[in-house]
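Descriptive structure summary
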Amino acid sequence: MRNKEIANLLKTYASLLAIKGENFFKVRAYQEAGRVLENLPTPIEKLIKEGYDLTQFEGIGKDLAKTVEEIVTTSTFKKLEEIKKEYPLSLLELLEIEGLGAKRVNRLYKKLKISSKQQLCQEVKNLSTLEGFGKKLQQKILQYCQEGVGSKKFLWAEAKEYLQELQEYLLKIDPKKLSVAGSFRRKKEVVGDIDLLASKDNFQEVIKHFIQYPKIKKVLGAGETKASVILEGGLKVDLRSVEEESFGAALQYFTGSKAHNVKIRKIAQEQGLKVNEYGVFKKDKKVAGKEEEEVYKILGLCWIEPELREDRGEIEACKENKLPKLITTKDLQGDLHLHTNWSDGRHSLLEMAKAGKELGYSYLAITDHSKRLTIANGLDEKRLLKQIEEIKRLNEELKGFTLLTGMEVDILEDGSLDLKDEVLKELDVVVISLHYKFNLSKKRQTLRVLKAFDNPYVNIFAHPTARRINLRPPVEIDLEKVFLEAKERNIALEINSQPDRLDLDDKSILLAKKIGAKMVINSDAHNIYALDYIEYGVNQARRGWCEKTEIINTLKLKDLKTFLRSRG
DNA sequence: GCCGTTTTCGGCCCGACTGTTTTCAGTCG
């Protein structure tokens, strides 16, 4: 069972406990345990097998450790099964509706026997008999039933496009300060909404301007201090006013994550201080808040990069002076996975080279698809040899820039590669990846990849889980085994920058880092513009605590070649 | 249910807003 699945069981149990009306702190304990476990880089199954004491993790005590062990070893969770008899799982759907929390859901169920969205929508008329269901709330539920507004998550890259346009519009009115906070600032791969902070000076004017933005689908509310809208396309945006004196504290507060902030406030408390969105207070006296750095500093902490603020050890790392120096796009010397019009790309070798040079790179590896992908006009051995000749010729023209020869070779079902070794050995960079047979068992998928690693010419394992966010789940594969083997054999693991791939994800990157495997951040561009996607891959790498030294395409060409040749 | 240098009980992060009330519960971030 994956960590995520175990965590989900605990969270589900927590939600049902909350609906039942159990002690709030007990509920939170289960939620918290779920959060801690899903963030673990190592499979819990493995830890338990090795006899690791789970109570070592913060937030997991004797009882929870036992529960987790029960889940892992017996694949059952008795307490959950029991509470499910009393409170059906479908109640959880109701919690997704804005305005409905545990208490109201309980009342719906106990008084009206409503246990699903569908039932709720059928019985909206009868709600007035219930305590705590006034006119407005009924209206809201009715609307929800009519529109079926889901809680759609947006890719970070999509949200960025919406945000850029909106920001340009907002800046016309010249708010003194305007910052984005929330999960967007933390560069999460998907975001539910966008939080904007503006200074209070001319806020009424700013808000008025904001709600007149032409691309708004709906204004949810506009008050003295906050306005909420839904943009065309469905993205929700909150804009808040903030006193300039409190801007840093508000930015810290609204950037989150929630878990990070909880810990920050606990630390404050231990020092007799109090942190809220207005500042840091000693009794009633404000001692910091204008700048975000101050908030951390006064608590004896260092400023922490937003990408790290997930309570995955960043606060402890700061105390031990072990925070990573995160990689930036400027550290990259080149891109080692991209396509041209030789297969399914749009631009020519030369056009790609020029675009790469313009980005400030010193090398690009051309890695078109191999022959199995006929739909992408994949290259066979003969065409590849021709392309190699062409690249050699081009390199004589290109000054101060190098095209590396390469190929994205399909891993076949049995783990062999789609092209013959005689040709692979001619290449500078051999990228391998999965493009079909995604639903093999974990064991077979892992063996398939490890077998492919046996090939002595392989350099990079691209988009290792083959997931596509919101479209396709990751394949079942034992990443730890794969990463250990990759480290052993000097194969770099890819962080693919396509906005819906971002594969490896942040947690897997942390695992790879811990194991000591090398990684590479690639655009997988199919045209010259998509080379810029590299930003998204860098975001993901940063969320995975990556430093320059862990990423091979930060190497100068000479050193890169040494690394690539260390195989075979 | 977790946690502990004020420890085995009695705390547990904090504040705003909304809508429902008539002093505040419930939800949210």
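Residues numbered from 1 in each chain as written. Chains lettered and ligands numbered in written order. Predicted model: local features only at pLDDT ≥ 70, side-chain atom pairs only at ≥ 80, totals over all residues. Heavy atoms only, no water.

1. Topic: the sheet that holds strand E17 (residues 519–522)
Note the cut-off: Here a strand pair is declared whenever DSSP counts at least two bridges between the two strands. Starting at the N terminus, helices and strands are each numbered in turn, a helix being any DSSP run of H or I of at least four residues and a strand any DSSP run of E of at least two. Residue contacts are counted whenever heavy atoms from the two residues lie within 4.5 Å of one another. Lines are fitted to the C-alpha atoms to define the axes, a helix being fitted only along its stretch in contact, and any angle between axes, read from their N-to-C directions, falls within 0 to 180 degrees.
Sheet architecture is open: seven strands sit in the order E11-E12-E13-E14-E15-E16-E17, paired in parallel fashion. The open sheet has two edge strands with one neighbour each: strand E11 (334–335) and E17. Two strands pair when backbone bridges link them, and strand E15 (residues 460–461) and strand E16 (residues 492–496) are joined in this way by two bridges, in the parallel orientation. Bridge pairing in E16 links Ile 460 to Ala 492. The sheet strands contacting helix H24 (residues 557–565) are strand E12 (363–366), strand E13 (402–410), strand E14 (429–433) and E16, and the helix crosses E13 at an angle near 30°.

2. Overview of the state of the cysteines
Note the following rule: Defined by distance alone, a disulfide is two cysteine sulfur atoms within 2.5 Å. For every residue, the accessible area (1.4 Å probe, protein chains only) is compared with the maximum for its type, and the residue is labelled buried under 20%, exposed over 50%, or partly exposed between those bounds.
Here the structure, examined in full by the defined rule, presents two disulfides. Covalent S-S linkage joins Cys 121 and Cys 145, the inter-sulfur distance amounting to 2.0 Å. Between Cys 121 and Cys 145, the disulfide has an S-S torsion of -85° and is therefore left-handed. Of this pair, Cys 121 sits in helix H8 (residues 117–122) while Cys 145 is found in helix H9 (residues 135–147), placing the two residues 24 residues apart along the sequence. Here Cys 302 is linked by a disulfide to Cys 318, with a sulfur-sulfur distance of 2.3 Å. A residue pair is termed long-range when its members are at least 10 positions apart, and Cys 302 in the loop between helix H15 (292–298) and helix H16 (314–319) and Cys 318 in helix H16 qualify at 16 residues. Judged by relative accessible area, which is 27%, Cys 302 ranks as partly exposed. Judged by relative accessible area, which is 7%, Cys 318 ranks as buried. In chain A, the cysteines engaged in disulfides, taken in order along the sequence, are linked 1-2, 3-4. Just so you know, Cys 546 is unpaired, no disulfide at all, and the nearest cysteine sulfur is the one on Cys 302, 19 Å from it.

3. A word on the nonpolar core
Basically, it comes down to this: We define a nonpolar core as any set of buried Ala, Val, Leu, Ile, Met, Phe, Trp, Tyr and Cys residues linked to one another through side-chain atoms lying within 4.5 Å.
One finds Leu 403, Ile 432, Phe 453, Phe 461, Phe 483, Leu 493 and Met 519 to be the most contacted residues of the largest nonpolar core, which totals 62 residues. Other than its neighbours up to four places away in sequence, Phe 461 contacts Ile 411, Ile 432, Val 449, Phe 453, Val 482, Ile 491, Ala 492, Leu 493 and Glu 494. In this structure, Val 27, Ile 60, Ile 71 and Leu 94 belong to the second largest nonpolar core, which totals 44 residues.

4. So, the pattern of salt bridges
Side-chain pairs of opposite charge can arise where the charged atoms are in close proximity. What counts here: Should a side-chain nitrogen of Lys or Arg be within 4 Å of a carboxyl oxygen of Asp or Glu, the pair is scored as a salt bridge.
Summed over the entire model, instances satisfying the criterion amount to 42 salt bridges. For Glu 38, the salt bridge is made with Lys 11, and the minimal N-O distance between the two is 2.8 Å. Here the residue Glu 38 occupies a position in helix H2 (residues 24–38), and Lys 11 occupies one in helix H1 (residues 3–20), the gap between them amounting to 27 residues. For Lys 11, a relative accessible area of 29% corresponds to the partly exposed category. Arg 186 is the partner of Glu 310 in a salt bridge, and the nearest nitrogen-oxygen pair spans 2.8 Å. Here Glu 310 is found in the loop between H15 and H16, whereas its partner Arg 186 is found in the loop between helix H11 (182–185) and strand E3 (190–191), with 124 residues between them in sequence. The pair Glu 310 / Arg 186 is uniform in exposure class, with both members buried. A single network of salt bridges, built from pairs that share partners, joins Glu 32, Arg 35, Glu 58, Lys 263, Asp 311 and Glu 316.

5. Focus on the protein's contact with DNA strand B
For clarity, the cut-off: Throughout, near means a residue has at least one heavy atom within 4 Å of the molecule or strand. Two N or O atoms form a polar contact when they lie within 3.5 Å of each other; inside protein one atom must be a possible hydrogen donor and the other a possible acceptor, and for residues adjacent in sequence the pair counts only when both atoms belong to side chains. Residue polarity is assigned by list, with Asp, Glu, Lys and Arg as charged and Ala, Val, Leu, Ile, Met, Phe, Trp, Tyr, Cys and Pro as nonpolar; anything else, Gly included, falls into the polar class.
For DNA strand B, the set of nearby residues contains 39 residues, the closest of which are Arg 28, Gly 101, Gly 134, Tyr 253 and Arg 265. When the atoms of DNA strand B within 4 Å of the protein are grouped by moiety, sugar and phosphate amount to 71% of the total. Between DNA strand B and the protein, one listed contact pairs a phosphate oxygen with a backbone N or O atom of Arg 104 at 3.1 Å. Note that a phosphate oxygen of DNA strand B is positioned 2.4 Å from one of the backbone N or O atoms of Gly 134. For the surface near DNA strand B, the element with the most residues is H2, which contributes five residues. Split into classes, the residues belonging to the surface near DNA strand B amount to 13 nonpolar, nine polar and 17 charged.

6. Digging into the domain arrangement of chain A
The condition is simple: Where each domain starts and ends follows an automatic or database-derived domain assignment. By buried area we mean the combined loss of accessible area, with a 1.4 Å probe, across both parts when two parts are placed together.
Taken domain by domain, chain A comprises domain 1 (3–147), domain 2 (155–242), domain 3 (246–319) and domain 4 (329–565). Spacing between the C-alpha centres of domain 3 and domain 4 amounts to 39 Å. Facing eight residues of domain 3, the contacting portion of domain 4 comprises six residues. Here domain 3 meets domain 4 over a buried area of about 690 Å², counting both sides, of which 48% is carbon and sulfur. By the criterion of area lost to domain 4, the three top residues of domain 3 are Glu 307, Leu 308 and Arg 312, representing 77% of everything that side buries. If you look at where domain 3 meets domain 4, you find four salt bridges. The tally of links between domain 3 and domain 4 comes to four residue pairs in polar contact (both at pLDDT 80 or more). Across the side of domain 3 that touches domain 4, the residue classes break down as two nonpolar, one polar and five charged.

7. Quick word on the sheet that holds strand E10 (residues 285–288)
Pairing within the open sheet is antiparallel, and its three strands lie in the order E8-E9-E10. Looking at strand neighbours, the two that pair on one side only are strand E8 (273–276) and E10, the edges of this open sheet. For this sheet, the mean inter-axis angle between neighbouring strands, taken without regard to orientation, is 35°. Two strands pair when backbone bridges link them, and E8 and strand E9 (residues 279–282) are joined in this way by four bridges, in the antiparallel orientation. Across the sheet, the residue bridging to Lys 274 is Phe 281, located in E9.

8. Describing the packing of H1 against H2
Let me state the cut-off plainly: Every angle not falling under 35 degrees, over 145, or within 65 to 115 is termed oblique; those three ranges are roughly parallel, roughly antiparallel and roughly perpendicular. Handedness of each helix crossing follows the sense of rotation of the near helix against the far helix: counterclockwise by less than a right angle gives left-handed, clockwise gives right-handed.
Relative orientation of the contacting elements H1 and H2 amounts to 165°, with a least axis distance of 8 Å. Our classification of the angle between H1 and H2 gives roughly antiparallel. Viewed along their axes, H1 and H2 form a crossing whose handedness is left-handed. Residues Asn 3, Lys 4, Ile 6, Ala 7, Leu 10, Lys 11, Tyr 13, Ala 14, Leu 17 and Ala 18 of H1 lie in contact with H2, whose contacting residues are Lys 26, Val 27, Tyr 30, Gln 31, Ala 33, Gly 34, Arg 35, Leu 37 and Glu 38.

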